Amino acid sequence: MFFALDIAGTFVFALSGAFKGVREGLDWLGISVLAVLTGVGGGIVRDVLLGYTPPAVFRDERYLAVCLTGALAVLLFGRTISRTWNRVMLADALGLGLFAAMGAAKGATFGLGPLGTIFVGGLSAVGGGVIRDVLVGERPAILYKGFYATAALAGSATLVVLTWSGMAVAPRLAIAASVATTLRLLELARNARLAQEA
Amino acid sequence: MFFALDIAGTFVFALSGAFKGVREGLDWLGISVLAVLTGVGGGIVRDVLLGYTPPAVFRDERYLAVCLTGALAVLLFGRTISRTWNRVMLADALGLGLFAAMGAAKGATFGLGPLGTIFVGGLSAVGGGVIRDVLVGERPAILYKGFYATAALAGSATLVVLTWSGMAVAPRLAIAASVATTLRLLELARNARLAQEA
Amino acid sequence: MFFALDIAGTFVFALSGAFKGVREGLDWLGISVLAVLTGVGGGIVRDVLLGYTPPAVFRDERYLAVCLTGALAVLLFGRTISRTWNRVMLADALGLGLFAAMGAAKGATFGLGPLGTIFVGGLSAVGGGVIRDVLVGERPAILYKGFYATAALAGSATLVVLTWSGMAVAPRLAIAASVATTLRLLELARNARLAQEA
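Each value, and the rule that gives it
Residues numbered from 1 in each chain as written. Chains lettered and ligands numbered in written order. Predicted model: local features only at pLDDT ≥ 70, side-chain atom pairs only at ≥ 80, totals over all residues. Heavy atoms only, no water. UniProt positions renumbered as here; feature names shortened; annotations may be inferred. Helix = DSSP H or I, 4+ residues; strand = E, 2+ residues; numbered from the N terminus. Least-squares fit on C-alpha atoms with pLDDT ≥ 70 in both. Contact = heavy atoms within 4.5 Å. Buried area = accessible area lost by both parts, 1.4 Å probe. Salt bridge = Lys/Arg side-chain N within 4 Å of Asp/Glu carboxyl O. Polar contact = N/O pair within 3.5 Å; in protein donor to acceptor, adjacent residues only side chain to side chain. Phe/Tyr/Trp six-rings, centres within 6.5 Å; stacked < 30°, edge-to-face > 60°. Buried < 20%, exposed > 50% of the residue type's maximum accessible area, 1.4 Å probe, protein only. Lys NZ or Arg CZ within 6 Å of the ring centre and 35° of its normal.

- Per an unreviewed UniProt entry, the recorded name for chain A is Glycine transporter domain-containing protein, and the organism is Rubricoccus marinus.
- What the UniProt record of chain A gives under Subcellular location (unreviewed entry) is the line "Cell membrane".
- The UniProt entry for chain A carries this comment under Sequence similarities (unreviewed entry): "Belongs to the UPF0126 family."

Spelled out as structure tokens, the structure:
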């Protein structure tokens, strides 16, 4: 189940990279490159920092395969997916929560302290997006749209606290991921309301 | 022979970094830093991803030495080298092919699957250029000049296919590198023709 | 003593990141993220390159703690600290020297040759600043304000030469750090004089 969610998170991050590529007017190859780097970037940064090399995304080909599938989906059905952008944002929020929780869990497994665990969990969740934004020459959204990073860090911090509580792994991950995803969805809802009022 | 070609590739990538530094109006130190980071960047990214640390460029001082030599050559003879820019582009295409082939071969040695191998081979070939472009505040060329990345990925993919065929290492590397270099040279020739017609 | 100086260097680099965040109009979270990444960035790059993972900053929570303290200090007392900016630049110069010397020493411990050692020492000293500048969309200062990198590389090179001389570790580090810090302070003094004359 966690692997499935991990793959789902990778897929939606790849979608967000591919959409950014379309907006920037890239050709199909640039879109694919951006989709792959956005999809796997956070996990690569996490694993390189932890010394878990080659990173997980190179140990199971399905990670890269779903990124390419995401790029292909945007190239073929981009117009349709845009109409369902809200669903993509929902999936992105799910991916954010999952990556924050699993990144923090992996950091704790490697013996990091609470601050280090939160740092690595946060980077797992936002790393792909930072790479995406730097590559297209934009300021990374995490610095300017604070709540995205807040949600990731809150999810990682939740995992740290729950680890102290001695809770089993599965509910611990589920609760930490839910905290991050919920915070992110609340922010999206608030932005949508503000946009409507304006 | 492969070491010699590897050094040659590092050298021409360093040249491209140094020339970029000249165009950006950097001082001699900025030019040297950019030459070194462009020359060794792809190899460092490759080796860090594979967990081969310290990276090869730190295990044999000749890599850094040829980068500095490249920077010095541009500082002293830049005007002359510019006149022979076509030869530099030829060398760059050779380096691209070699790095794609050897990066992919190294990835396969570390047990990566085909997609991972192509990914790492492509990064080996283009990583230095991405670092160079990000450092001077430009969008990385790989996203916008698709054929450069295409050539690298095609070379890496050729190596993967040839590995399945059971071919010996030397011809495998030679063919894969040739595919990437040839694709790159065809693109350069096409661009030159377009420029002439315009 | 060295740990104390290392922590001090991390702290002042975090301060420089936080100040940059204030100037860029980031919110408190963006400022904290930038402070942390600037403070620990150089050490992370160094340790990942050397294969010393997880990096030192994740093995002792005090590194991340002082970065957050630096961010908090800027948020609470930013106005006061600005008035004492000269003192911050002094501390930054101390941090630069220390990171260059200790980064080079760590590289030598991992068996790197002289060029590799200087490269890693230089990256330790400037890596955090490069990350800071790229994240806010500026050209990294090291490429354009050559003397900053010169000071770092000179400090690392001094350490390499002193290692050959067979000098004990403590004076070796102290002299190498002093060389880098002094060069940096001379440059700051020169800039201040130029500004006064203009």
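Next, the rest of the story.
1. A short note on the UniProt feature "transmembrane region" (unreviewed entry) in chain A
Residues and elements named next belong to chain A.
Okay, step 1: UniProt records the feature "transmembrane region" (unreviewed entry) for residues 28–51, 63–82, 112–131 and 143–164 in the present numbering.
Okay, step 2: Span residues 28–51 is 96% helix and 0% strand, its end C-alpha atoms 33 Å apart.
Okay, step 3: Regarding residues 112–131, the helix share stands at 90% and the strand share at 0%, and the terminal C-alpha atoms are separated by 24 Å.

2. Quick word on the relation of the copies chain B and chain A
Okay, step 1: Relative to chain A, chain B is turned by 120° and slid 0.0 Å along the rotation axis, the superposed coordinates differing by an RMSD of 0.0 Å. In short, the pair behaves as if placed about a three-fold rotation axis.
Okay, step 2: Looking at chain B, a mere 9% of its interface residues are interface residues in chain A too, so the copies touch through different faces.

3. Notes on the interface of chain B and chain A
Okay, step 1: Contacts between chain B and chain A engage 23 residues on the former and 23 residues on the latter.
Okay, step 2: Taken together, both faces of the contact between chain B and chain A bury some 1,800 Å²; the carbon and sulfur share is 75%.
Okay, step 3: Where chain B meets chain A, there are zero salt bridges.
Okay, step 4: Applying the counting rule to chain B against chain A returns two residue pairs in polar contact (both at pLDDT 80 or more).
Okay, step 5: Where the side of chain B that touches chain A is concerned, the elements lending two or more residues are helix H2 (28–50), helix H6 (114–135), helix H7 (141–144) and helix H8 (146–164) of chain B.

4. Considering the packing of aromatic side chains
Okay, step 1: Applying the stated criterion across every chain, the model contains nine aromatic pairs over all chains.
Okay, step 2: Seen from their ring centres, Phe119(A) and Phe58(C) are 5.3 Å apart, and the 55° between their planes marks the pair as tilted. Placement of the pair is Phe119(A) in helix H6 (residues 114–135) and Phe58(C) in helix H3 (residues 56–59), with the two residues belonging to separate chains. An identical accessibility class is assigned to Phe119(A) and Phe58(C); each is buried.
Okay, step 3: A centroid spacing of 5.2 Å and a plane angle of 75° characterise the contact between Phe13(C) and Phe99(C), whose relative ring orientation is edge-to-face. With a gap of 86 residues between them, Phe13(C) in helix H1 (residues 2–23) and Phe99(C) in helix H5 (residues 85–109) connect regions that are remote in the sequence.
Okay, step 4: A relative accessible area of 6% means that Phe13(C) is categorised as buried.
Okay, step 5: You can call Phe99(C) buried: its relative accessible area is 6%.
Okay, step 6: The residue whose ring lies beneath Arg59(B) is Tyr52(B), and the NZ or CZ to ring-centre distance is 3.9 Å.

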